[in-house]
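Notes for the structure review
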Amino acid sequence: MDIKYYIFLSVALFVMGIIGVLTRRNAIIIFMCIELMLNAVNLLLVAFSKMHHLAAGVANPNAGSEAQLFVFFIMVVAAAEVSVGLAIIVMLFRNTHSVDVNFLNRLKH
Amino acid sequence: MGITQILFWALSIVSLFSALMVITSKNPVFSVLWLIITFFTISGHYILLNAQFLAVVNIIVYAGAIMVLFLFVIMLMNLSKDTEPQKSKWLKLAGAVAGGCLLLVLVAALRNTEARMTELGTGEIGLIQNLGHVLFTEYVVPFEIASILFLSAMIGAVVIGKRDVPIPVQKETEKIKEMQEEMVGPIL
Amino acid sequence: MIVLLLFLMPLLGGLASFFIKEDRTVRSWALLASFITLAFAIVGSMPSTNASSLEFSTPWMGTLNSNFALRLDGMGKILCLLTAIAYPIILISTWKTTYRKPNNFFGLMLLTQAGLMGVFTSMDALVFYFFWELALIPVYFLCSGWGGEKRIQVTFKFFIYTFTGSVLMLIALLYLYFLTPDKSFSIESFYRLAEIKGWNQTLPFWLLFGAFAVKMPIFPFHTWQPDTYEQSPTAVTMVLSGLMVKMGVYGIIRWVLPVVSTAAYSWGDVVSTMAVIGIIYASILAIQQNDLKRLIAYSSIAHVGIMALAIFSETHLALQGVMMQMFNHGINIIGLWIVVELIERQFGTRKLSELGGIAAKAPALTILLVVMALANISLPLTNAFVGEFMMFAGIFGSTLTKYNVVFTVLALLSIILAAVYTLTMIQKVFFGPANERTVNAKDINLGEKLALSILVIMVFAFGVYPQPLLNITDGYAQSIITNSTKVLSQTFTK
Amino acid sequence: MKNLILLIPLLPFLGFLINGLLRKQLSKGLIGVIGSGTVLTSFLISIYAFLNLDAIGGGKQISGSARIIGNPVIHYFDFINVGSLKIPFAFQVDQLSALFLLIITGVGFLIHVYSTAYMHEEKQEHFGRYFSYLNLFVFSMLLLVMGANYVIMFIGWEGVGLCSYLLIGYWFKNIDYTKAAKKAFVMNRIGDLGFLLAVFWIIAKIGSVNYSDVLTTASLARFSSGDIVGITLLLFLGATGKSAQIPLYTWLPDAMAGPTPVSALIHAATMVTAGIYMIARSNILFTAAPLTLNVIAIIGGATALLAATIALRQNDIKKVLAYSTVSQLGYMFLALGMGAYTAAVFHVMTHAFFKALLFLGSGSVIHAVSGQQDIRYMGGLRKKLPITYFTFLIGCLAIAGIAPLSGFFSKDAILLSAFEHNKVLWAVGLFTAGLTAFYMFRLLFITFNGTFRGTEEQRHHIHESPVAMTMPLLILALLSIAGGWINIPEVFIQGGERLSHFLSPVIAVGESAHIAHSTEWILIGLTSAVSIIAILIAWSLYKKYSDEKETPLTKALVNKWYVDELYDTIIVSPLNKFGGFVNRFIEKGTIDGLVNSVGRLVNYGSRQMRWLQSGQVGNYVLLMVVSMVLFFVLQFFLRK
Amino acid sequence: MNALIFSAISGVLMMFSGFALKSGKAIRTLAHLLLLATIVATAMELRGIPFFSIKTTGMLQFDHFALLFTLIAAVSTLVFFLLSSKDMEKVGVSYAEYFALIFFVLSGVVIASAFQSLLLLFLGIEIISIPLYILTGSDKRSLKSNEASLKYFLMGAFSTGLMLMGIALIYGATGTFSTALIQASKSGVPVLLSTGMLLLLFSLSFKVSAAPFHFWTPDVYDGAPTVFTSFMATVVKAAGFIAFMRLFSDAFRDIGSEWKLTVAIIVAATLFIGNITAVFQQSVKRMLAYSSIAQAGFMMLAVYSLTAEAKEGLLLYGAAYSLATIGIFAVLIKMKDYTFEGFNGFAKQQPLVAATLVIFLLSLAGIPLTAGFLSKFLMLKATVAAGNMWLAVFAVLMAAVSVYYYFRLLQAMYFKEGRAQAIEVTPAFKVTLIGVAALTIILGVYPNLLLYWLYF
C-alpha cells in the first residue's frame, strides 16, 4: 500500500478538522474538530512508523516504535487538554450561558 | 487488490464521510457520535498497520473516555438540539474555501513524495511488550515529564472548577472604546 | 587622561546636581563644574600638552570588537574648546532666568555637555553612536520639560526625526564594520575602508549623511529646527544651535569624508546642490520671519549650508575654514541667543513687530547685539569673516567639481541676503521710536555685560588673529585632504 | 619707520576706542580734541612718510618713463596662513597710497575740526558716538589704502561701508534714515560680492593676494585673457558699489541722511573714491583687459551724464551735491576707462578738495538757516554769510572747471585723454561739464542771491558760522584753487605733470598726450567756453528766483528718472513676494507637510490596522490559514 | 536537570501548601524560597555541579545556552514574584495554585530550552501552554478573563495540531524525532521535510506571537489578569524564542534556503503590525501587548540569522525585555486606570518610580546605555552579517516608530498635567524596581556580566 494514500487520507482528515474550526461557532464542536486534527496526525504517524519499520528491516527491529509512542503521548496530552478545555468552556457557560465563540468579542482592536 | 486493500479503502471512505458529518451535522450530539465513528475507523487503520496497542488505547481513551466526557458536557449544557446559531453564509464559504485551498496546496506539494510501500498485516512493534519496553527504557524521561503535564492539568481543573463570587460589571473596556473613537489627533 | 576628564567632569557634575535641590547652590555648582571642564579643555588644546595624555582606550562591550577609545585631535580640540567655553557663558547669561526644578534642568544640561564632549572625542564608531544618543536624550527632556506651549509636539517631532536619522547611521556603521578587514569599530580600521567600491560606499554614505544632514540640518531636512528653537528654553536653544549643530558637521568631516571618500566625491555635487539651495532658501525665509528666534534659526541653517558646501569641496582651505567657522559660528550664535534671551526676558516678546527703539534706552545691549549681528554677517575683522572667507575661497578653488564657480556665486548671494535680514532685525528691534512696550527699557546688568563682552572680545580676537585656532586644526585638515586625494587618485586612475 | 607707519591707522583707532568707550565720561571738548588730534597726528606722520618714500622703499623715477619698482611692503604678522595660502597683515606705502594718505588724513582732519562745531548741539554721548564713528571710518579708510594685499583692502573696504552705515543711520530714531543706511550697506554688499569673487579667482590662479605677487607683468602671464577680463570686471562691480556708479548709485543720494560733515568726508572726499583707488592700484590688470576698460569708460560716461541731468532739478542742497558727486565719480571712471589713471587720481584729489568744500559750505548754510535744506526756502544769504558765500563760489568755479582753479586742470586732463581715445565719450564729457557748471551755479544763485524765502524766526538767527567751521572752509578753498597746479600740463609750462611723474613707479606713464599742442589749446578753450556759457545761462535764469515750470521732462528729472521705483518693482518687491510664497507654501506646506504626513500616515495606518483585530476567533483562524496557504504557495510554487 | 526537577517539585509543594498554609504571606514566602533554591541549583549546574545524573537518552541536553536561559527565566520570575506576587492574591481564591502553575510553566520553560527531540519540544510547549490557559482564565468573575482564556485555549490547541502535523511529516521524511539526526539526515530536502518544517515554523510563530499568527496576543494579554499577563508576556515569550532558536539551529540550519524567505517575511510583518498598531492604543496594557509583538519581531531576527552572536543577543534580549516589561507591568498592576491619561502627572506623585519607568521605557525603545539597545544592536548586527541589509533598515525604522508610543507614556508621566492617581508602593517594591533598573543599565554597559556564562 503506497504511503501516499495514508498521507492524503490523514491530510484530508486534518484539513476537515481545520474547516470545522473555521465554519462552526460552537466552542465544543470546534474543540472536537481539533481532536479530529490530532487523530489525523496520529494516523499519519502510525503509517510512517510502519514505513520506517519496514525500511529498517532486521537491522533495527525497534525502528518505528518511537512514532507509536509519540502517538501515545499525543493521546495523553490530548486527554489533559480536554480536561482543561472543557473546564474552561463550562466556566464560560456558567458566566454567559452560551458557548458561541461569536459572542467572544469584548476584546478587540 | 487483496483483502487489506479493500479494507483500507472501505475504512478510508467511512472515516472521511463520518468526519464530514462531524463538521456538518447541526446537532452537537450527532457530531459527537460521528466523531466516535471516525475514531473507530481510525482504530481500524491502526490494526491494519499492526498497531494493535494503539488501536485499543484509541478506542478506550478517545471513543471511551474523552468522547463520553464531551457528551456529558453537551448534555449538561443541554445543547442537545439544533439550536446552534449558524455562521453567516459568507464566513462559512470563506472558511471552506480557505481549507480547500490548504488541502489543495498540501496535496499538490506532497504529491511528489517518492513512492515507498508499506505492506500491511505484518510486523509486531505495535505489540504492547515491545512498546512497553521502549517506553520504559528510552522514553522514561518524557514519560515522567508527562506526569507534570497531568498535574498541571489537574490543578487547572481545580482552579477553574472552584466556585467564586459572581461577576461585577466591566466598565473600563467601554471607556477605552469610546476614547478610541475620538482618538486625539496625531502628535506628529 | 585629560580627554577622559573632559567628559567625566560634566557627567559626574550633572549626576551630582540632580541631588542639589536648592536653586542658587545648583546653579553655582553647575557653573563651577563647567569652569573646571573649561580648564581641562584649555589644557587639552594647548600645543604643549603631550599627546599621550590626550588618548584613552580600553576594551568594553564584551564580545563586540569595540574599544572605549577617546582621543583629542585637532578638530576635537577646537570643538571641545567651543563646548567648554560655551557652557559657562550660557550659565552666566541665563543666571537671572528662573527654572522650576532647577536641579533637573542643570543636571540635564551638564549631561548634554558630557555627551557632546564624548561625540567630539570618540574614536570608535560604537562609542560615537553612544554619545550621539547620550547628547540627544537630555536635550529631549530639557526641551519638552521647560519649553514653550507647543513644546511637547515640537520636541517629539525633533526627537523622532533625529532618532530615525541616528538609527540609520547605526545601520551604516554596522555595514561598514563588516567591511573592515579586522572586523573592528575603531576609526583607524574605518579609515582603511576607503578602497571599497560602488554600492558598499553609496549605501553607507547616504545613511550616514542622512543622520548628519538631519542634525545640521541641511535643506530639506531642516523643518524641525525653527520650531524646536522657537519652543525650547533659550539656554537649550544655545546648546542646540551653538553646539549640537556642530555634531552634524563634525560627523561628516570625521565619519563620512575619510571613510567613504569615493561616494563623498561622486555624490558631492548632489549634496552641494542641496546645500546651495538650502543656503538661499533659508536666507530668503529669514527675511520673512517676524520672530527673533525663528529668524536666527533660519540664518543658522544658511550658515551651516555654507559649511556643508565647503566640506564637500574637499580643499584644505575650505576644511580649515569649516573648522574655524564651527567654532566661530558657535560663539556668534550663542551671543545672538543671549541677546534674544535678554530681550525676551525684559519685554516679554520676540516679535520684531512689537519691538523697536531700544537703542536709545539700552545702548550697551544695542552695541553688543550689533557687534554680534555684524559677526553674523561675517564682516571683516570679526571671526566669522575669516572662516567664511576661507570656505568660499576653498569652494571656488575646488577642483573636485565642475560647478565650483556656480556654487560660490550662489552661496555668496547669502552674504547680501544676510545683510538684509540682519540689518532689518537691528533696525526693527533697536532703532526707530520706542513703543509702549519698550519705552521704559532698562540696560543690561553687569553679569550679562560680562558674558557678552567675553564673546565680543573673542569675536574680534579671532577675527584679527585667527592663526592660533588655525594651527590647532591644520594637521587634521591636511591629513583628510591627503587621504582623500590619495584614495580618489587610486580609484579614478584605474 | 615700520612702527611709525603702523601708527597712522592705529591712532584713529585709538581715538575710536577712547571716544566710544568713554563717551559718557569725557567732555565734548575733550572728545573733539581726541577725535581731531589723532587724525592730525596721523596726518603729520603721513606727511613724514610722504617725504621719505625712498626710505620705505618705494621706487622712484630716474628719467622720462624709466623707473625703479621698489618693494614698499611693511609686513606685520600673518593674518591667515593655511597650507599654500599666506595672507600677511602688511601695509604698502608707495606713491599712490601716500597721496591718498594725505588726502584722507588731511581732509579728514579738517572735517573733524568742522564737526566739533557743527555737531555741538548733540547730546554728549551721541557726540562721542559720532566722533568714534568718524575715527573708525578714518581707520578703515587708511587700512583700505595702506593694505598690501586685496584682503586687507577688503577689510578696509567693508569697514568704510560699515562706518557709512553707522553714520548715515546716526539719527537712529528716524526710521527713514536707518532705512537709507540699510540701503547703502546692502548695495555696497552687492559690490563687495564682486570684489570677493575677484579675490577668490586671484587666489585660485595665483595662490596669493599680495599686490607684489599679483600686480606684476610676470604674474599676468599666469592668467588667461578670460581670467583677466573676468577678474577686472568683478573688481569693477565692486567699484560700482562703493563709488556709486550705474547701476548701484542710488544709495549715495539717500546717504545724505547723515550729518553734513559725514557727507563731506565719506560721500564726497574719501570713501566713494575707494573704487578709483582700487582700480588705479590694479592698473596693470586693467590695462591688460581692454574690454573691461571700455565697459568702465561707458559706464562712467553714462553715470556722469545721468547724474548731472538729475542734479539739474534737485531742490535739496545736499541732494544736488550728492548727484554732482556721482557725476564727478563718473568722470573719474571715464578717465580710468581711457587708461588715464593719473588723470583719475588727479581728479580724485581736486574733487576731494572742492567737493568737501562745497559740502561743508552747504553745511554751514544749513547750520545758518537752522536745519533747512530746501533751497527754495533760502536765498539772499550772500550778505549774511560772506565767508561761506565766497568759499562756496570758489568751490563752484573749481567744479565748473574755470581756469586756473584745480578743477580746470583735472577735468581738462580727463577730457583730453577722452578726446584722443573716443570722441563720443569726449562729447559726453564736454556736455556734462556744461551741465555741471549750470546746476552748480543754479544752486549758488538760488541759495545766495535774491531775497530770503524762509520763515521769520529762521531769518532772525541767520548768522555766519563759528571759526571752527569757517577755518576749514578757507583752507579747503585755498586747496581748491591751488591744488590743481601740481599737475599742470606740459603745454603751460615745461616740467609740468609732476604728479604723473611722481606716480609713475605705481602707474605706468603710458598715455602722455600725443596730440599736437595746438589741438590741445583748442580743446582747453572749448571746455572753458562751454562752462562759461553754462554759467551765464544759469545767471540769466536764476539771478532772481521764480518757481520753475513743470514739464514732463522736468518732472522726470525731479523724480530722478524713477530709477528707485524701477528697482523696487523689478527686484525688491518680487523678492518679498517670492519669500512670502516660499514661507507659506513651500516651507510650511510642502516640506514640513511631507514630514508631518509621515507621522499622520503611521497614525492612519494604525487606525486601519486595528480592524484586523476583530475579536472573532473564527476570523483569526481564517487569517492564519489563509496566510499559511500563501506561505506554502510562495515556498513550493513561486520560489521555483 | 536541576532546574527541571527543582521547579517540578516546587510546583508540587506549592500545590499542597494550599492546604497546609493559610496565610497568603506564608505561601508567598515559601514560593520565593523555592524559586531561590531553583535559581541556586541552576547556577550550580551552570558552574558544572549537577545534583542528579539522569540518562535522558539524548532527549534533553543542558548546555550552557539552555542553563543560562533557564537562569534568566528563573531570575526574571523571581523579580516578577518580588514585584507582583502580592497582587496575585487579588485575582482569585486559589493563591497557592497560581504559584504551583507558575512553577510548572517554569519547568516547561526548562524543557523547551533544553530539548533535543521533537517529542520533548511538544511536551515542553504543552506544559507551558496548559497552565497559561488556566492562569489566563483565573479571574473567573471577569468575563474578559474567561473570554481570553477560551480564545487562547482554542487557538493554542489549533496551533498544537499544526505542530503535531509538522512533526509527523518531518518524521515521515527522516524517520527520527531527534533534532541532531534531522540535521544529519542527508536525504536531500524531501518535500515532506520542508512542509513539516513550515508547519512547525507556523505553530512556533503562533507561540511567540509573530505575525500573521499573532492575533491571539492582544486579546489574551488584555483579557488575562494583569499579573499573569506580565509573566506570560515576558518569561514565556522569551522561552518560546529559545525553543524556536534551538529547533532551527539544531535541526534546520542547513536547509536555510527552505525557510529564510518565509522567516524574513514573518519578521517584517511582525515588526510592522506590532509597531504600527501599538501607536494607536489608548490602554497602556494593550499597548504593551502590541509592543510585545513588536519586540517579538526583533527577537525573530535572531532566528533569521542563526549566528553565535544572535544566540548571545537572544539571551540578552530575553533578559532585557523581560526585566523592563515586568517592571512596567508591576507599576501598571497597581494603577486603577490603565489608559495613558491615567499616567498624567505620575512623575510628580511618584518621582522615583517614574524615573525607573523611564529607564525601562528607554530600554524597550532601544536607547543606548540600556540593555535594550545592546540586544537590539546584536540582532541588527546578526542580520547585517546574514547579509540582509533591507531587513535591518526596516527594523530600525520600525524601532523609530516604537519610540512614538513608548515616549507617549513618558510624556504623560512627565510633561502632561493631570490628576495623578495615588498608588501605594512599599519600600521593598521601590528598592526592587531600582535594582532592576540598575541591572538594565549595567547589562547595557557591561553585557559580559551575563554573556560570559555562555563560555565559562
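Each value, and the rule that gives it
- Residues numbered from 1 in each chain as written.
- Chains lettered and ligands numbered in written order.
- Predicted model: local features only at pLDDT ≥ 70, side-chain atom pairs only at ≥ 80, totals over all residues.
- Heavy atoms only, no water.
- Helix = DSSP H or I, 4+ residues; strand = E, 2+ residues; numbered from the N terminus.
- Rg over C-alpha atoms; globule rule 2.2 N^0.38 Å.
- Buried < 20%, exposed > 50% of the residue type's maximum accessible area, 1.4 Å probe, protein only.
- Contact = heavy atoms within 4.5 Å.
- Areas by Shrake-Rupley, 256 points an atom, 1.4 Å probe, with all protein chains shown as cover.
- Lys, Arg positive; Asp, Glu negative; His and termini not counted.
- Charge placed at Lys NZ, Arg CZ, Asp CG, Glu CD.
- Buried area = accessible area lost by both parts, 1.4 Å probe.
- Salt bridge = Lys/Arg side-chain N within 4 Å of Asp/Glu carboxyl O.
- Polar contact = N/O pair within 3.5 Å; in protein donor to acceptor, adjacent residues only side chain to side chain.
- Phe/Tyr/Trp six-rings, centres within 6.5 Å; stacked < 30°, edge-to-face > 60°.
- Lys NZ or Arg CZ within 6 Å of the ring centre and 35° of its normal.

Moving on to the overall build of chain E. Counting secondary structure elements, chain E contains 19 helices and 0 strands. Against the 2.2 N^0.38 benchmark of 23 Å for 456 residues, chain E shows a C-alpha radius of gyration of 21 Å, consistent with a compact globule. Dimensions of chain E along its principal axes, counting C-alpha atoms only, are 65 × 55 × 45 Å. Relative to its 456 residues, chain E shows a buried fraction of 77%. The long-range share in chain E, meaning contacts at least 24 apart out of those at least 6 apart in sequence, stands at 81%. Accessible surface for chain E amounts to roughly 10500 Å². Of this, 71% is attributable to carbon and sulfur atoms. The averaged location of the 19 negative side-chain charges in chain E is 4 Å from the averaged location of its 29 positive side-chain charges.

Let's shift gears to the interface of chain C and chain D. Taken together, the contacts link 58 residues of chain C with 49 residues of chain D. Both faces combined, the contact of chain C with chain D buries some 4600 Å², and carbon together with sulfur accounts for 76% of it. It is Phe389, Phe396 and Gln427 of chain C in chain C that bury the most area against chain D; as a group they hold 13% of the surface buried on that side. Taken together, the connections running from chain C to chain D amount to 1 salt bridge. Where Lys157 of chain C meets Asp592 of chain D, a salt bridge forms, and the shortest distance between an N and an O atom there is 2.5 Å. Our count for the contact surface shared by chain C and chain D stands at 12 residue pairs in polar contact (both at pLDDT 80 or more).

Under the criterion given, the structure shown has 119 aromatic pairs over all chains. The ring of Tyr389 of chain D carries the charged tip of Arg382 of chain D above its face, separated from the ring centre by 5.9 Å. Geometry around Phe298 of chain E places Lys376 of chain E over its ring, the cationic atom sitting 4.9 Å from the centre.

This next bit is on unusual backbone geometry. That bond from Phe219 of chain C to Pro220 of chain C is cis: its omega, 0°, falls within 30 degrees of zero. Considering the arrangement of structural elements, one finds Pro220 of chain C in the loop between α8 (199–215) and α9 (224–231). For the bond running from Ile246 of chain D to Pro247 of chain D, omega is 5°, close enough to zero to count as cis. Its place among the elements puts Pro247 of chain D in the loop between α10 (225–242) and α11 (251–254). Of note, Asn50 of chain B is a non-glycine position whose phi angle comes to about 55°, a positive value. Here Asn50 of chain B shows up in the loop between α2 (28–48) and α3 (52–76). A residue is classified by how much of its surface remains accessible, and Asn50 of chain B, at 7% relative accessible area, is buried. Positive phi values are uncommon outside glycine, yet Leu369 of chain E reaches one of about 70°. The exposure class assigned to Leu369 of chain E is partly exposed, which follows from its relative accessible area of 29%.

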